[in-house]
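One-letter residues, chain by chain:
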Amino acid sequence: MRNNILFLGCLVTLVLLINTLTINGQNQQRTSSYLNKISPVITATLNVLQNEGVNSKNAHLMNLPQRFNTPLTRFDEQGRIGLLLDVYNVSTALINQLERLGGNILISLNDAKLISVYMPIDKIEDVANMDEVRLVNEITGGVLNIGSVTTEGDSIHHAKDIRTDLLIMGDSVNVGVISDGCVSWLQSQGPGDLPPTFGPPNFIFLPPAGNKIGLGDEGTAMMEIIYDLAPNAKLFFYGALNDPAGSAAHVDAIKRLVREKGCKVIVDDLTWYNQPMFEDGTPGTVGTIAEAAKWANDTGVVYISSAGNWADGPGTPLNPISRSHYQAMYNDINLPSNVKENKPLPNGPIPAGYPPPNWDDLHNFNPTPGQFDPGLAVVVPPGKTVTVVLEWADPSLASPDPWGGSKDDYDLYLYDAALINNLTGMNGAGSQTGSQNPWEKVSLTNYEGTPTVFNVVINHRDTIPKPPPKLLGLYISGCSNVEYWTPKNSIWGQPGVSEVIAVGAVQQNNITNIESFSSLGNYDVYWPAFVSRP
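In this report, the structure presented in the accompanying data block is examined. None of these values were measured; they are calculated from a predicted model.

1. Quick notes on the sheet that holds strand E13 (residues 323-329)
Alright, step 1. Pairing is antiparallel in the open sheet, where 4 strands are placed in the order E13-E19-E15-E17. A strand with exactly one partner marks an edge of an open sheet, and here the two such strands are E13 and strand E17 (439-445). Ignoring which end each strand starts from, the neighbouring axes of this sheet average 15° apart.
Alright, step 2. Relative to E17, strand E15 (residues 385-393) is paired through 7 bridges, and the arrangement is antiparallel. Paired with Val386 across the two strands is Leu444, which belongs to E17.

Here's what the structure looks like:
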């Protein structure tokens, strides 16, 4: 499906007009307890496997990819779990050690301090116990940022006028596209929708990357539009969205499109669930897509990214949404109290009125003074999986929570509609003790035959002295309706980088009004200093 996102036209206009790290964590204190390195999503998943009798000897017989792959966890056919390792240094010794433990390494990026590897499920603690490993996170998925109608970018951006009046056709410009896939490139080439020179060399990279045709055809549609508008530009493609390596594949794509294919323009339409919301350009974020996009820009590349589709809400049965965003300061419903609740929070019921001490550090979603609402209700269609990501930052900078150095502990849960049953357990209840990221993530599938209401619940694990309240950011995917939402500040990841051109979606017959779903600015960074980017 061709999309109506303005960034395609913006990219092509730029194409027509163009003729032509600090080592992460070396200065950070290494985690004292190796178990604290392991993501709670991984720990909870391993507990489920253990309860079902799955072990490293029978994992390859248990159909783990079909049973347990979610937006937040991935298994390969051998029953190994996908890990994204944040390391101090990608050394030959570390690579060899992982392989000796039975690991299958997909991507290793020394400049990004990342290793994407599938490991036997009984070797996770061994990996965490390695001095070179800083954090053991799961390989997460991502989402496409696509619209619903064919682009009219040629007329909106007057690209035809540029071709006609200035005789600029995109000559000598290599354009890289990062998306889901281009599996139907040959069928598009037949009727002349892709250049006759496009073929496997345009999406095959040097080993170990190899063939990156990907899955799906949003990439095909993007390249067709670029070819319509800049027929002499040379197109290259990297299918990252469904790559087993996860977000590391996106970083790899940027590096390879620049280094191997000589691209001077790169465009993507992807958002990943494991990227920072409130920080970039710091030592802790060296392995992020935002940092890779900035690196590309520093080498002379024009980098363009979809702003995202996270601004929608609330949604109705006749006009459902698919994603949304919420942002607010932590609103403690019992500010004087300082009770440290259990992990995870127990089953309810969570009271509808003023809560007893067992619930006194819940976030109150209701902004009305004197009103209490501990749950952000989301409706999930039948068969759909809702994914919720929580991150936090300190606007006052009095008690900062940098990426890879968070000391303030917020927990994330999904409860049922009545706020009685904790449905996600410990999955979003990790511990932030000074070396973890300021985030939590949960994912849950609606196996009922009708739309189901889940409640997003946030709890703050108080410390003494009590830290200042943090700014909370939630991104929700897989929903059709949300109770609370925040359209502004809904840009996430690489489109928020100042060197990246972030562009949104408009209808071709009303280009002055942005689509309701299209993410809005500003993009606010809170560490190491506050910057608000329009």
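Moving on, there is more to tell.
2. A short note on the nonpolar core
Considering soluble globular proteins, one finds that nonpolar side chains tend to be buried as a cluster.
Alright, step 1. By size, the foremost hydrophobic cluster in this structure holds 36 residues, and its most contacted members are Ile178, Ile254, Ile266 and Tyr303.
Alright, step 2. Every element with two or more residues in this core is listed here: strand E2 (104-109), strand E3 (114-119), strand E9 (234-239), helix H10 (247-259), strand E11 (270-272) and helix H11 (289-298).
Alright, step 3. When residues of this core are assigned to their parent elements, the largest contribution, 7 residues, is made by H10.
Alright, step 4. Once you skip the residues sitting within four places of it in the chain, Ile254 turns out to touch Ile178, Ile266, Ile289, Ala292, Ala293, Trp295, Ala296 and Tyr303.
Alright, step 5. Within the second largest apolar cluster, 28 residues are counted, among which are Leu49, Ile95, Val127 and Val136.

3. Some thoughts on the packing of aromatic side chains
Alright, step 1. Taken as a whole and assessed by the stated rule, the structure comprises 16 aromatic pairs.
Alright, step 2. A centroid spacing of 5.2 Å and a plane angle of 55° characterise the contact between Tyr326 and Phe365, whose relative ring orientation is tilted. Here Phe365 lies in the loop between E13 and strand E14 (376-380) and Tyr326 lies in strand E13, a separation of 39 residues in the sequence.
Alright, step 3. By relative accessible area, Tyr326 is classed as buried at 6%.
Alright, step 4. Exposure remark for Phe365: the relative accessible area of 2% places this residue in the buried category.
Alright, step 5. Put simply, the rings of Trp185, Phe198 and Phe203 pair up and form one aromatic cluster.
Alright, step 6. Taking NZ or CZ as reference, Lys441 lies 3.7 Å from the ring centre of Trp439, over its face.

4. Digging into the pairing of E15
Alright, step 1. Summarising burial for E15: 8 of the 9 residues are buried, a large majority.
Alright, step 2. Relative to strand E19 (residues 471-477), E15 is paired through 7 bridges, and the arrangement is antiparallel. Across the sheet, residue Glu391 finds its bridge partner in E19, namely Gly473.

5. Focus: unusual backbone geometry
Alright, step 1. In the segment running from Gly521 into Asn522, the intervening peptide bond is cis, with an omega of 0°.
Alright, step 2. In this structure, Asn522 sits in the loop between strand E23 (510-514) and strand E24 (523-525).
Alright, step 3. Here Trp527 and Pro528 are connected by a cis peptide whose omega angle stands at 10°.
Alright, step 4. Residue position: Pro528 is located in the loop between E24 and strand E25 (531-533).

6. What about the pairing of strand E12 (residues 302-306)?
Alright, step 1. In terms of burial, E12 is a largely internal element, 5 of the 5 residues being buried.
Alright, step 2. Residues Val302, Ile304 and Ser306 of E12 are buried on one face, and the alternating residues Tyr303 and Ser305, pointing to the opposite face, are buried as well.
Alright, step 3. Bridging between strand E10 (residues 265-268) and E12 involves 4 bridges; their strand directions are parallel. Within E12, the position partnered with Val267 by the bridge is Ile304.
Alright, step 4. Relative to strand E21 (residues 501-503), E12 runs parallel, the two sharing 3 bridges. By the bridge assignment for E21, Ile304 is matched with Ile501.

7. Here's the deal with H10
Alright, step 1. For H10, which comprises 13 residues, the first-to-last C-alpha distance of 19 Å matches the rise-based estimate of 18 Å (1.5 Å per residue) to within 8%.
Alright, step 2. Buried residues dominate H10, accounting for 12 of its 13 residues.
Alright, step 3. Residues of H10 that are buried include every one of Ser247, Ala248, Ala249, His250, Val251, Asp252, Ala253, Ile254, Lys255, Arg256, Leu257 and Val258, and no others.

8. Concerning the pattern of salt bridges
Alright, step 1. Enumeration according to the criterion identifies 15 salt bridges in this entry.
Alright, step 2. Arg80 serves as the salt-bridge partner of Asp76, at 2.8 Å between the closest nitrogen and oxygen.
Alright, step 3. Where Lys255 meets Asp111, a salt bridge forms, and the shortest distance between an N and an O atom there is 3.1 Å. Here Lys255, found in helix H10, pairs with Asp111, found in the loop between E2 and E3; they are 144 residues apart in sequence, far enough to count as distant.
Alright, step 4. If you follow the salt bridges from partner to partner, you end up with Asp111, Lys255 and Arg259 in one network.

What counts, and at which threshold
- Residues numbered from 1 in each chain as written.
- Predicted model: local features only at pLDDT ≥ 70, side-chain atom pairs only at ≥ 80, totals over all residues.
- Heavy atoms only, no water.
- Pairing = 2+ DSSP bridges.
- Helix = DSSP H or I, 4+ residues; strand = E, 2+ residues; numbered from the N terminus.
- Axes fitted to C-alpha atoms, helices over the stretch in contact; angles between N-to-C directions.
- Core = buried A, V, L, I, M, F, W, Y, C linked by side-chain atoms within 4.5 Å.
- Buried < 20%, exposed > 50% of the residue type's maximum accessible area, 1.4 Å probe, protein only.
- Contact = heavy atoms within 4.5 Å.
- Phe/Tyr/Trp six-rings, centres within 6.5 Å; stacked < 30°, edge-to-face > 60°.
- Lys NZ or Arg CZ within 6 Å of the ring centre and 35° of its normal.
- Expected span 1.5 Å × (residues − 1).
- Salt bridge = Lys/Arg side-chain N within 4 Å of Asp/Glu carboxyl O.

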